[in-house]
Amino acid sequence: MKNIVILGATGSIGTNTLDIIRRFPEQFRIIGLTAKSRDAKLEGLIGTFRPKIVALQDVAAAKALAKRLPQSGVEIRSGEAGIVEVARLSEADLVISAIVGSAGLLPTLSAIRAKKTVAIANKEPLVMAGEIIQREAKKNGVTILPVDSEHSAIFQALNGERHQDIRRIILTASGGPLLRRSTAEKTNIRPEEALAHPNWEMGPKISIDSATLMNKGLEIIEAKWLFDLPPEKIDVVIHPQSIVHSMVEFVDRSVVAQMGLPDMRTPISYVLNYPRRSSLALPSLDLAEVGTLTFEKPDTKAFPLLAIAYEVLKKGGTLAPVLNAANEEAVQAFLEKNINFGTINKVIEKTLETHKPKATEDLHDVMEADRWARTEGKRWIKHFAACSA
Ligand SMILES: NC(=O)c1ccc[n+]([C@@H]2O[C@H](COP(=O)([O-])OP(=O)(O)OC[C@H]3O[C@@H](n4cnc5c(N)ncnc54)[C@H](OP(=O)(O)O)[C@@H]3O)[C@@H](O)[C@H]2O)c1
């Protein structure tokens, strides 16, 4: 029996993880769950999975939940400290890191410092502080398992291979819902259209990141830290069908691809059962039915954030947390309809342009860069919003 903690249990990854766990009650036990503020959804999960402890970031939501569940036996915590307490739970065998954005950094690091095996979906902390996370994982003898479908594909393709035999990895990108739209068409696209991903059902932030291709930019940085590869060994190819989840080319030019229908339950099942696999009753991939798999070069003029992410990856230091924070602020402003879609790129470009990069020695440097970029990003959001008013 594996004891599981899910950070971000009420989200898309959390829900997919719980869907698998529900099917195998003799193999997995939920002992800790966290969310931000959706206390009613968390209450439903408490009823189904009977965890030992839960935490909500939002203090008022946690209080409301505790009031409704006075005799449930579940411990209810609040705030970041509460989430960290759940992340460090001594009985946990596996922590699923599925909070969205930078809010997952401290809980993920805390789980690693508590020597927990961590399955990471929450890519933003790796983008912000990949070097620190890997350093802590090494120091504590912790295994980090990738959940992102692309990184899971690479991880699976690398099983049993030597690091020096990797020529390059090739991350696939669907291109998102706006792949064929012109820059002019994209400028004033509404959030509902940008959120409508053709292949994957995901939370709002990653859906917008997919529409701008920032998601692929974040993923190349994530890949650097997960697989210890330089930027020139990380390629991206557009593959609109999302069947090939990613590939590894080896030095003998052999290319190993991992394929499957686009369903996050497959890579999640892989980390839950690692190093084994477990049968999962999902539809099979029928290549004859899919018919055609296509691949094309990403258009970095139409999607400049991918090229920007490569630059950030090459230069390193505080640029990565700045890129991440500016993106989080811009996406939030777009979802709240304060800026148009085309302005997301501009906010990120301007914030990076005004930043004076330095090395990130420790978490303090990362958090300082994050704070700076949020203030600067908000300033540019206000500026562009005023220009278009
Ligand atoms: N969705 C996918 O298919 C997919 C695939 C690959 C990678 N990922 C990555 O996985 C992560 C999660 O994505 P998602 O799509 O599952 O996101 P999501 O649906 O928006 O869910 C986010 C989860 O994090 C919680 N949360 C949000 N802000 C928080 C905060 N400040 N403090 C504590 N908890 C917070 C939410 O709680 P509430 O419900 O209470 O708001 C929710 O449980 C992201 O980093 C994403 O890039 C996702």
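Owing to the predicted nature of the structure, the values given are computational and were not obtained by experimental measurement.

Undergrad: I would appreciate a short explanation of unusual backbone geometry in the present structure.
TA: Backbone geometry follows two general trends: most residues other than glycine have a negative phi, and most peptide bonds adopt the trans configuration. Looking along the chain, the bond that leaves Y274 and enters P275 is cis, with omega of 5°. Structurally, P275 can be placed in the loop between α12 (265–273) and α13 (287–290). At K115, a position not held by glycine, the phi torsion is positive, near 65°. Note on placement: K115 falls in the loop between α5 (105–113) and β6 (117–120). Residue class for K115 comes out partly exposed when judged on the 15 C-beta atoms lying within 10 Å of it. Despite not being glycine, D228 has its phi angle at roughly 55°, a positive value. Assignment of secondary structure puts D228 in the loop between α11 (214–227) and β9 (234–238).

Undergrad: Is there a simple way to explain the nonpolar core in this structure?
TA: As a rule of thumb, soluble globular proteins bury nonpolar side chains together. V5, A309 and A330 are the most contacted members of the largest nonpolar core, which has 112 residues in total. Here this core gets 10 residues from one element, more than from any other, and that element is helix α15 (residues 319–335). Filtering out sequence-adjacent residues up to four positions away, A309 remains in contact with G217, L218, I220, I221 and L323.

Undergrad: In this structure, what is going on with the sheet that holds strand β10 (residues 244–250)? I would like to understand it.
TA: The pairing of strands in a sheet happens through backbone hydrogen bonds and is either parallel or antiparallel. Taken together, 4 strands build an open sheet; the order of strands is β9-β8-β10-β11 and the sheet is mixed. Sheet topology places β9 and β11 (255–259) at the edges, where each strand pairs with a single neighbour. If you compare each strand with its neighbour and ignore which way they point, the axes differ by 20° on average. Taken together, the 5 bridges between strand β8 (residues 166–173) and β9 define a ladder with parallel strand orientation. Of the residues in β9, the one forming a bridge with A173 is I238. Taken strand by strand, helix α7 (residues 149–157) contacts β8, β10 and β11, and its axis lies near 40° from that of β10.

What counts and what doesn't
- Residues numbered from 1 in each chain as written.
- Predicted model: local features only at pLDDT ≥ 70, side-chain atom pairs only at ≥ 80, totals over all residues.
- Helix = DSSP H or I, 4+ residues; strand = E, 2+ residues; numbered from the N terminus.
- Buried ≥ 20, exposed ≤ 12 C-beta atoms within 10 Å, placed from the backbone.
- Core = buried A, V, L, I, M, F, W, Y, C linked by C-beta atoms within 7 Å.
- Contact = placed C-beta atoms within 7 Å.
- Pairing = 2+ DSSP bridges.
- Axes fitted to C-alpha atoms, helices over the stretch in contact; angles between N-to-C directions.

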